[in-house]
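Letter by letter, the chains look like this.
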Amino acid sequence: MKRGTFVAVCYDGKWGRRVQGEVIKTHNGHHITVRHKLYADDEIVETRFRRMRRNGRRYFAGWARHA
């Protein structure tokens, strides 16, 4: 994943709750930092996601804690 790539940030694993985000940092290929809007708000936040692997597929996932 490279900086400047646009990604979909999904809330609660639901594809219908996705928002567009942009990768602003990469961390040695195993973490990315994404700048995106919150689903129910217009606030822009930065969230860090970890690279995961399941059934041979690689993806980035994590918890976004925002108050």
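Cut-offs and rules
- Residues numbered from 1 in each chain as written.
- Predicted model: local features only at pLDDT ≥ 70, side-chain atom pairs only at ≥ 80, totals over all residues.
- Heavy atoms only, no water.
- Phe/Tyr/Trp six-rings, centres within 6.5 Å; stacked < 30°, edge-to-face > 60°.
- Helix = DSSP H or I, 4+ residues; strand = E, 2+ residues; numbered from the N terminus.
- Buried < 20%, exposed > 50% of the residue type's maximum accessible area, 1.4 Å probe, protein only.
- Pairing = 2+ DSSP bridges.
- Core = buried A, V, L, I, M, F, W, Y, C linked by side-chain atoms within 4.5 Å.
- Contact = heavy atoms within 4.5 Å.

## What about the packing of aromatic side chains?
Move 1: All told, the structure shown has one aromatic pair when counted by the stated rule.
Move 2: Summarising the aromatic geometry, the rings of Tyr11 and Tyr39 are spaced 5.9 Å apart at their centres and angled 45° between planes, so their arrangement reads as tilted. Residue Tyr11 is located in strand E1 (residues 6–11), and its partner Tyr39 is located in the loop between strand E3 (31–37) and strand E4 (44–54); the two are separated by 28 residues in the primary sequence.
Move 3: For Tyr39, a relative accessible area of 45% corresponds to the partly exposed category.

## Remarks on the pairing of E3
Move 1: The buried fraction of E3 is high, at five of seven residues.
Move 2: When strand E2 (residues 14–27) meets E3, the two strands line up antiparallel, connected through six bridges. Bridged to Gly21 within E3 is His36.
Move 3: Between E2 and E3, which pair antiparallel one after the other, the connecting turn spans three residues, and Asn28 there sits at a positive phi close to 55°.
Move 4: Pairing between E3 and E4: seven bridges, direction antiparallel.

## Notes on the nonpolar core
One broad trend across soluble globular proteins is that nonpolar side chains are buried collectively.
Move 1: Grouped together as the largest cluster of nonpolar side chains are ten residues: Val7, Val9, Tyr11, Val19, Val23, Ile32, Val34, Leu38, Val45 and Phe49.
Move 2: Of all the secondary-structure elements, those providing two or more residues to this core are E1, E2, E3 and E4.
Move 3: Element by element, the count of residues in this core is highest for E1, at three residues.
Move 4: Non-local contacts of Val45, meaning those with residues more than four positions away in its chain, are made with Val34, Arg35, His36, Leu38 and His66.

## A short note on the environment of Ile44
Move 1: Structurally, the position occupied by Ile44 is in strand E4.
Move 2: When near neighbours in sequence (up to four residues on either side) are disregarded, Ile44 contacts Arg35, His36 and Lys37.

In short, the description is geometric, and any link to function would need to be established separately.
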